[in-house]
Amino acid sequence: MTVLAIRFSAMGDAAMTIPVMKQVLAENPGTHIVFVSNKNWGALCKDIPRLTFFPADLKGRHKGLPGLYRLFREISRAHHIEAVADLHEVLRAKIVRTFFRLKGVPVAVIDKGRAGKKALTRQEQKVLQPLTTTIERYATVFRQLGFSCNMPAVPAQVIRLPLSDSITAVTGLKNADTWIGVAPFATYREKTYPLEKMEQVLAMLSREPQHKLLLFGGGAQEVAQLNELAQRYPQAIVIAGRFSLEEELAIISQLHLMISMDSANMHLASLFGIPVVSVWGATHPFAGFMGYGQPIDRAVQIDLYCRPCSVFGNKPCFRGDHACMEELGPEKIVDKVVQLLPK
């Protein structure tokens, strides 16, 4: 049976679908999944048997209603779709799934749990309790279509991807070094630890000569900031802007630990079972976006009456002081890193 899985949007959200789709394929041997997502995320699906990536160019060829119809036609010509798993539940996904539904193809749609998230993030009388994880919400969609999907608490198989010569020319050989990934950026300020505080984290970690600090990010501005940081810390190597996504995944798979915001690199590291020290500000792990297999005690955060104030970090701090990040001491992050690194 061939099922179409739809998840457009951010790389982190797309990355969280991967362990779920791998589990569906493992438990349902006769199943083939076609995953349609942002055209840039194809490396996430590389070398996974019976998982085919279908690139969506939502700002070009597949833009707007005519483009989404074109996407539907292209998928239909390439694959005999027998079920649709809408893992996104936004307008674009609704349009594509409707085209298939009109053909008589069964469709299942994610329940995002909006009421629970609203109660979690409202300013007054918050209901501060863990909600169903996004991973479990994805798995439920496949179960609604009749597939078995029993998600283990942690990734069933830890994979380490080989490092090419072009990678080691930049990173050096791993040898006895301890590789620590540092991903200090996020889409929104409310989810981003102040860079001057993250520099203090780098300074403390640089005291150990075996620590190699690999800096991740994206976009010209972030690359420029990381390059400036790396000039002050000889053990820091800028990964951002130098490699393809496929190569970055190989590097991430070889880390001993990742330091990340509530952002994509947390989820990319989780794909490989890498421990992640995640830093949380306006958002909260209770909303269900913790990295797959990462226990909540790896989250670094402070308790404030106003947290969380949004699900995605896209609402300005109503207090105006960003206390959730500004009052979070760098030593709390370093202490957690030291606890998790191999002795």
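Residues numbered from 1 in each chain as written. Predicted model: local features only at pLDDT ≥ 70, side-chain atom pairs only at ≥ 80, totals over all residues. Heavy atoms only, no water.

Student: What should I look at first to understand the sheet that holds strand β6 (residues 178-183) in this one?
Tutor: Strands in a sheet are paired, the pairing made by backbone hydrogen bonds, and the direction either parallel or antiparallel. Pairing in this open sheet of 6 strands is parallel, and the strands run β8-β7-β6-β9-β10-β11 from one edge to the other. Looking at which strands have only one partner, the edges of the open sheet turn out to be β8 (236-238) and β11 (299-300). Of the strand pairs in this sheet, β6 and strand β7 (residues 211-215) are connected by 5 bridges, and their pairing is parallel. Across the sheet, residue Trp179 finds its bridge partner in β7, namely Lys212. Helix α10 (residues 264-271) contacts β6, β9 (257-261) and β10 (276-279) of the sheet and is inclined by roughly 150° relative to β9. The strands touched by helix α12 (residues 330-340) are β6, β9, β10 and β11; relative to β10, the strand with the most contacts, the crossing angle is about 165°. (Pairing = 2+ DSSP bridges. Helix = DSSP H or I, 4+ residues; strand = E, 2+ residues; numbered from the N terminus. Contact = heavy atoms within 4.5 Å. Axes fitted to C-alpha atoms, helices over the stretch in contact; angles between N-to-C directions.)

Student: What is the right way to read the environment of Ile81 from this model?
Tutor: Summarising the element assignment, Ile81 is placed in the loop between α2 (64-78) and β4 (83-86). The buried category is assigned to Ile81, whose relative accessible area is 7%. In this structure, the C-alpha to C-alpha distance between Ile81 and Val34, residues 47 residues apart in sequence, is 8.4 Å. In contact with Ile81, other than residues within four places in its own chain, are Thr2, Leu4, Val34, Ile75, Phe100 and Val105. (Buried < 20%, exposed > 50% of the residue type's maximum accessible area, 1.4 Å probe, protein only.)

Student: It is not clear to me how the nonpolar core should be interpreted in this structure. Could you clarify?
Tutor: If you look at soluble globular proteins, the nonpolar side chains tend to sit buried side by side. Among the nonpolar cores identified, the biggest contains 66 residues, and Ile33, Leu44, Phe142 and Phe216 are the most heavily contacted of them. For this core, the element with the most residues is helix α1 (residues 11-27), which contributes 9 residues. Residues in contact with Ile33, not counting those within four places in the same chain, are Val3, Ala5, Met21, Val24, Leu25, Arg50, Leu51, Thr52 and Phe142. Leu215, Ala230, Leu257 and Ile333 belong to the second-largest nonpolar core, a separate cluster that totals 33 residues. (Core = buried A, V, L, I, M, F, W, Y, C linked by side-chain atoms within 4.5 Å.)

Student: Before we go on, may I ask you to explain the pattern of salt bridges in this structure?
Tutor: Two side chains bearing opposite charge may form a pair once their charged atoms approach each other closely. Applying the stated rule across the entire model yields 15 salt bridges. The partner of Lys46 in a salt bridge is Glu246, and the shortest N-O contact between them spans 3.5 Å. In this pair, Lys46 is assigned in the loop between β2 (32-38) and β3 (51-56) and Glu246 in helix α9 (residues 245-253), connecting sequence segments 200 residues apart. Accessibility expressed as a relative area gives 42% for Lys46, which makes it partly exposed. You can call Glu246 partly exposed: its relative accessible area is 41%. Put simply, Asp86, Glu89, Lys94, Arg97 and Arg114 are held in one network by salt bridges that share partners. (Salt bridge = Lys/Arg side-chain N within 4 Å of Asp/Glu carboxyl O.)

Student: Please clarify how helix α5 (residues 134-144) should be interpreted in this entry.
Tutor: An α-helical turn contains 3.6 residues, so any two residues separated by three or four positions project in the same direction. Of the positions making up α5, those classed as buried are Thr134, Ile135, Arg137, Tyr138, Ala139, Val141 and Phe142. In this fold, the buried residues of α5 make contact with β1 (2-6), α1, β2, β4, β5 (107-109) and α4 (114-121). Once α5 finishes, Gly146 follows within two positions and takes phi at roughly 100°, a positive value.

Student: It is not clear to me how the side chain of Ser206 should be interpreted in this structure. Could you clarify?
Tutor: Relative to the helices and strands, Ser206 resides in the loop between α7 (195-205) and β7. Ser206 has contacts with Leu213, Tyr233 and Gln235, leaving out every residue within four places of it along the chain.

Student: Would you mind showing me how to read the sheet that holds β2 here?
Tutor: A sheet is described by the order of its strands in space; here 5 strands give the open sequence β3-β2-β1-β4-β5, paired in parallel fashion. Every other strand in the sheet has two partners, leaving β3 and β5 as the edge strands with one partner each. Taken pair by pair, the neighbouring strands of this sheet meet at an average axis angle of 20°, ignoring direction. Its contacts with the sheet place α5 against β1, β2, β4 and β5, and it is angled at close to 155° to β5.

Worth remembering: the numbers are spatial, not functional.
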